[in-house]
Amino acid sequence: MFRDFRAAAVMLLVLSVVTGIAYPLVVTGIAQVAFPGKANGSLIESGGKPVGSELIGQTFAEPKHFWSRPSATSPYSYNASSSSGSNQGPLNPALTDAVAARIKALRDSDPGNTAPVPADLVTASGRGLDPHISPAAAEYQVARVAKARSLDAQKVRALVAEATEGRQLGFLGEPRVNVLRLNLALDAVR
C-alpha cells in the first residue's frame, strides 16, 4: 500500500510540475516570441504609454469623440473582469427603457441628426466589451464630432474610412471601426 501511495504522490508531483509550471511557461514563451503584441493584451499606445486594448472597449462621452457601443458589464462599463451580456430579451421593459434612453441621449447630443439610429449604438454586444462600432454607427456620429472639433465632415469621414477594418480573411464578420483607434487618430489632427 505504501508503494502505491508513493507512486501516486510522485505522479501527482510530476504532472503538477509539467502541467502547472512547465507547459504554461513554454506556451507563454512561444506566444511572447511569435505574437508579443497579442500575448501582452493587444495594447494600444499613445505617446509611448498604453491607453487601452484593441480588444476591450472604452467609454467616451464627450461630443468631440466617437461614442462606443454600450456595455452591459457591471459594476461599471467595459469591466473586463465581468464580461457578459445583459441577458435581457427584446420584450424586457428594462431593455426597452435603456434603448429609449440611449436613443434620446444620441438625439439630444445632435438635434439636427434625423437619420435612423444604428442598433449597435443603443444595444450592448454579447460579451459587453466590444471595442468596435459599425461603419454606419460611425457615419451617424460624423456631423456631431466634426462640429465639436470644428473640422470639415469630409476630413472626419476620411479618418473613419482609414480606421475601418474589413472582414477577417475577406469573408468572416462585418466591416467594423475600432473606436479607440479612431478617437486617437482624431486627437492627432491639429
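Now for a quick tour of the structure. What you see is a predicted model, and the numbers here were worked out from it, not measured in a lab. (Residues numbered from 1 in each chain as written. Predicted model: local features only at pLDDT ≥ 70, side-chain atom pairs only at ≥ 80, totals over all residues. Heavy atoms only, no water.)

## Let's talk about the packing of helix H5 (residues 153-163) against helix H6 (residues 179-188)
The packing of two helices is summarised by the inter-axis angle and the distance between the axes.
Thought 1: Relative orientation of the contacting elements H5 and H6 amounts to 140°, with a least axis distance of 10 Å. It follows that H5 is oblique to H6 by the angle criterion. Crossing of H5 over H6 shows right-handed handedness. Across from Val156, Leu159, Val160 and Ala163 in H5, the residues of H6 making contact are Leu182, Ala185 and Leu186.
Thought 2: Taken together, the residues of the contact of H5 with H6 break down into seven nonpolar, no polar and no charged. (Axes fitted to C-alpha atoms, helices over the stretch in contact; angles between N-to-C directions. Helix = DSSP H or I, 4+ residues; strand = E, 2+ residues; numbered from the N terminus. Parallel < 35°, antiparallel > 145°, perpendicular 65-115°, else oblique. Left-handed = near helix turned anticlockwise from the far one by under 90°. Contact = heavy atoms within 4.5 Å. Nonpolar A, V, L, I, M, F, W, Y, C, P; charged D, E, K, R; others polar.)

## Topic: the pattern of salt bridges
Thought 1: One pass over the full model with this rule turns up eight salt bridges.
Thought 2: Between arginine 167 and glutamate 174 there is a salt bridge whose closest N-O contact spans 3.1 Å.
Thought 3: Classification of arginine 167 as partly exposed rests on a relative accessible area of 39%. (Salt bridge = Lys/Arg side-chain N within 4 Å of Asp/Glu carboxyl O. Buried < 20%, exposed > 50% of the residue type's maximum accessible area, 1.4 Å probe, protein only.)

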